[in-house]
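Structural overview for review
These are the residues of each chain, in order.
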Amino acid sequence: MTLYVSKSSIKGFNETNLRLNDPSCLVTTNGSHIIASVSLNSCGTQVEETLDELIFKNKMTSFDQLQDVITREHQFEIQFICKFPKKSRLSASFEAQKSDYLFTEIPFGNFSYLFQFYDSSAFTKVINPNTYPVKVKLKNMIYMGISVQSSLSNIRLFVESCRATPHDNPNDPIYYDIITNGCTKDKTTKVYSGSLKEFRFGLEAFSFIGDYEQVYITCTVLLCGAGDPKTRCAQGCTNSSSSRRRRSLVSETQRYFISQGPLRLARTSSGSPGSSLNLNILVITVVFIWPLSWLLGL
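Quick summary incoming for the structure in this document. (Residues numbered from 1 in each chain as written. Predicted model: local features only at pLDDT ≥ 70, side-chain atom pairs only at ≥ 80, totals over all residues. Heavy atoms only, no water.)

Focus: the sheet that holds strand 4 (residues 33-37)
The three strands lie next to each other as 1-4-3, forming an open sheet whose pairing is antiparallel. At either end of the open sheet lies a strand with only one pairing partner, and these are strand 1 (2-6) and strand 3 (28-29). Taken together, the five bridges between strand 1 and strand 4 define a ladder with antiparallel strand orientation. In the sheet register, Thr2 faces strand 4, and the bridge partner there is Ser37. (Pairing = 2+ DSSP bridges. Helix = DSSP H or I, 4+ residues; strand = E, 2+ residues; numbered from the N terminus.)

In structure tokens form, the structure reads like this:
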């Protein structure tokens, strides 16, 4: 697949700060046009299958720094696609909200964690799971709450870390740290007051750079005996070396991973004729259609 884009059509964007799905794949230029040329199995090209077609997709995306994995700024994107007619049948799939996380540990007994999105900083209205994925706009605040349900009253919830990934996998090699070792790492993150059994926080919405449409949030949590100064919960924000210690089997639980999502960027535009373009992300799609015999070399 080869895409030619006239430089005059993308004024205001630096041609040296454009890349494809694979960050290591940059674009070239011939003076008048920017050129992206990829094979069907390189530079992060993705393949999708419908009832009638094979679809190969890649995207030219702007960036500030090559090592960046997220952005809260308006981006420039040109998606280019090759479609190959075919005959096939696919099964349907769906996404569901995560249910409660249930655990049992001596001496804490049975307890469960609940991870939810809220519509405001008041934390009074949970976003309906039936509306997932949650649609957000760049730089708008996202509000999240983690709570524990337990029959014990003298316990404390501690959120040790949270990270965002573009897939529902906490070990995804592409990630963005929000909280690490109890310390907020994202400059827009705000922690709100709550009870000992809940943790409320918010941050500005962002998107992963590249062909990633969704964001999942995964947090590491544990419970401690309330009032015990020797627990990890009592330590709060620490550096990594000071938090390495033997866990008290009586005063605190194991660490557990809980996640929620997905969040999806709402791409909306507004403005009247003649006004400046107002897009969260400028998206142009180019589609090439080829016969399947060309793909197979027939």
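Okay, back to it.
What to know about the environment of Ala122
Here Ala122 is to be found in the loop between strand 10 (109-118) and strand 11 (134-136). Once the C-alpha coordinates of Ala122 and Arg200 are considered, the two residues, 78 residues apart in sequence, prove to be 10.0 Å apart.

Description of empty space enclosed by the protein
If you roll a probe as big as a water molecule over the atoms, it shows you where there is empty space left. Evaluated as defined, the whole model comprises three cavities of 30 Å³ or more. A volume near 60 Å³ is recorded for the largest cavity. Put simply, the parts of the chain that give the lining of the largest cavity at least two residues each are strand 18 (207-208), strand 19 (214-225) and strand 20 (256-265). Looking at which element gives the most residues to the lining of the largest cavity, the answer is strand 20, with three residues. Its residues placed into classes, the lining of the largest cavity shows seven nonpolar, two polar and two charged. (1 Å grid on protein atoms, 1.4 Å probe; cavity = no way out; pocket = protein on both sides within 12 Å on 5 of 7 lines; lining within 4 Å. Points joined across faces, edges and corners; volume = space filled by probe spheres on them. Nonpolar A, V, L, I, M, F, W, Y, C, P; charged D, E, K, R; others polar.)

Focus on the sheet that holds strand 19
Strand order in this open sheet of six strands is 11-20-19-13-14-15, and the pairing throughout is mixed. Both outer strands of the open sheet, strand 11 and strand 15 (183-184), are each paired with one neighbouring strand and no more. Bridge count between strand 14 (residues 176-180) and strand 15: two bridges; the pairing is antiparallel. Within strand 15, the residue paired with Thr180 across the bridge is Cys183.

Digging into unusual backbone geometry
Cis geometry is found at the peptide bond from Tyr132 to Pro133, where omega equals 0°. Following the sequence through the fold, Pro133 ends up in the loop between strand 10 and strand 11. Cis geometry marks the peptide bond from Gly261 to Pro262, where omega comes out at 5°. Of note in the backbone geometry, Cys43 takes a positive phi value of approximately 55° without being a glycine. Within the element layout of this structure, Cys43 appears in the loop between strand 4 and strand 5 (46-49). Its identity as a non-glycine residue notwithstanding, Asn181 has a phi of 55°, on the positive side. Within the element layout of this structure, Asn181 appears in the loop between strand 14 and strand 15. Asn181 sits in the buried class, given a relative accessible area of 18%. (Buried < 20%, exposed > 50% of the residue type's maximum accessible area, 1.4 Å probe, protein only.)

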